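# Analysis of the macromolecular model
The primary structure of each chain is shown beneath.
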Amino acid sequence: MYSIVSIISAWAIPVMIVFIPLFAAYRKVPVYESFVDGAKEGFDTAIKIIPHLVGMMVAISVFRASGAMDMLIGWMRPFFESMGIPTEVLPLAILRPITGAGSLAFTTDLIQQFGPDSMIGRIASTVQGSTDTTLYVITVYFGAIGIRKAGYALKVGLISDLVGFIASIFICYLVFA
Amino acid sequence: MVNWIWLFFIVAGFVVAAATGNVEAVTQAAFDGAKSGVTVCFGLISILVFWLGMMRIAEDAGLLSKLAVLLRPLVRFLFPGVPKNHPAIGYIMSNMSANILGLGNAATPMGIKAMQELQKLNANKETASPAMCTLLALNTSSITLIPTTLIAIRMNYNSVNPAEIVGTTLIATAISTAAAILVDRWYRKRSSLSGS
C-alpha cells in the first residue's frame, strides 16, 4: 500500500508539469504566455501576505519564548491526565494549530526520545499527520484576499484540530494496544 | 476572534516574561518572529509564482472546468452557494486533490486562487463568506492520504514499520474533516438564521 502511494506522490507533480502544458498546447493555448500571465499574480499574492504573517509570527514567537505557552500546558495537564491521555503528547494539542514548524520539531523530539514504535511516538506521528496549522492557514488564505473578519472559520478549524487530536489518541490505542 | 487571540498571545507573553524576570526575551522573540514571517513569505513566492503560472495554463486549456464538471456533486453538497460553472469550483477541486495527495506546496496557491474567486462572489469584501469558511475548514482539518514528512522522520529514527501510521492518520483525518464539515454546517445555519 505504502509503496503504491509513495509512487503516486513521487509522480504526481512531474506528470502534472508535463501534462498541463502539453494538453494546453494541443488546445492551441499559447502556453508560455499563459504561464507568465498567471505567474505574475503569484508575486503580488506573496507580498500581500507578508504583513499578516509577520503579525502572527511575532505574537506566537513572543508567546512561546516568554514561557507563557509552557504555563498554559501546565494548567491543562491535570485535565488531560484525568482523561488518560499521556501528558507527553499534550503540548502538541496546543502547538499544532499555532505553529507547523514548532509542532513538527516537538513531534520529532518525542519520536527520538520514546522511539517511533512506542505508543507516544505513534500518537505524535498520527496527530501531526492528521491536523493542520489552523492559524497559519487562516492567515495565509484570508490575508491574500484581504478578509478582516474571519467569521466562524477559526472556531471550526480549532474544533477540528481538537477532534483530530482526540481521535488520533483513541485510534492509536485501538489499533496498536 | 483572531484579534483576541493575537492580543492574548502578546499580552500573556509580556506578562509572563515580566513576572519571570525574562523581559528581554520578548524583544528577541518579536524580532525573530517578524523575521520568520518574512522568510516564510519569501519561501512562498517561488511556489506561488510557479503554480499560479501552471494553473493559468490549465485554466486557459479548459482543464479546470473539466475537473469542476467531474466533481460537481461533491462540490454542490459542500458549497451550495457557488454557481455551477464558476471558476472557483475548479480551483477548489485542485486544492482538495493536492491536499489529499499530500502536495502541500501545490495546495496553497490553488487554495488562495479559490479564495480569490470566492471573494468575487462575496457581497461583503471584509467578512469571510460561508463558502470561504467551508474551504478553510477543509484545509485546516487537512485531508491527508500519505503523511510523507512523518514517514520520513520515522524512517530516520529506525522505525520497524515507518508507514504503519498511514492507517491511523487516514482515519483520524477522516474524523476531523467530518467534524469540520459538520461544525461548519452548524455555524452556517446559525448565522443564516440570525439574518447576518
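Everything numeric here is computed off the predicted structure, so don't read it as measured data. (Residues numbered from 1 in each chain as written. Chains lettered and ligands numbered in written order. Predicted model: local features only at pLDDT ≥ 70, side-chain atom pairs only at ≥ 80, totals over all residues. Heavy atoms only, no water.)

A few words now on the packing of helix α7 (residues 130-140) of chain B against helix α9 (residues 165-193) of chain B. All names here are of chain B. Closest axis-to-axis distance for the α7/α9 pair is 9 Å, and the angle between their directions is 165°. What the angle tells us is that α7 and α9 run roughly antiparallel. In this structure, α7 crosses over α9, and the sense of that crossing is right-handed. Across from P130, A131, C133, T134, A137 and L138 in α7, the residues of α9 making contact are T177, A180, I181, D184 and R188. Here the contact of α7 with α9 is composed, by residue class, of seven nonpolar, two polar and two charged. (Axes fitted to C-alpha atoms, helices over the stretch in contact; angles between N-to-C directions. Helix = DSSP H or I, 4+ residues; strand = E, 2+ residues; numbered from the N terminus. Parallel < 35°, antiparallel > 145°, perpendicular 65-115°, else oblique. Left-handed = near helix turned anticlockwise from the far one by under 90°. Contact = heavy atoms within 4.5 Å. Nonpolar A, V, L, I, M, F, W, Y, C, P; charged D, E, K, R; others polar.)

Further remarks concern the pattern of salt bridges. Considering all chains together, one arrives at nine salt bridges over all chains under this definition. For D37 of chain A, the salt bridge goes to K40 of chain A, with nearest N and O atoms at 4.0 Å. Here D37 of chain A and its partner K40 of chain A are both found in helix α2 (residues 31-65), three residues apart, which amounts to about one turn of the helix. For E41 of chain A, the salt bridge goes to K113 of chain B, with nearest N and O atoms at 2.7 Å. Of this pair, E41 of chain A sits in helix α2 while K113 of chain B is found in helix α6 (residues 104-121), placing the two residues in two different chains. Overlapping salt bridges bring together E41 of chain A together with R56, E59 and K113 of chain B as one network. (Salt bridge = Lys/Arg side-chain N within 4 Å of Asp/Glu carboxyl O.)

These values are about where atoms sit, not about what they do.
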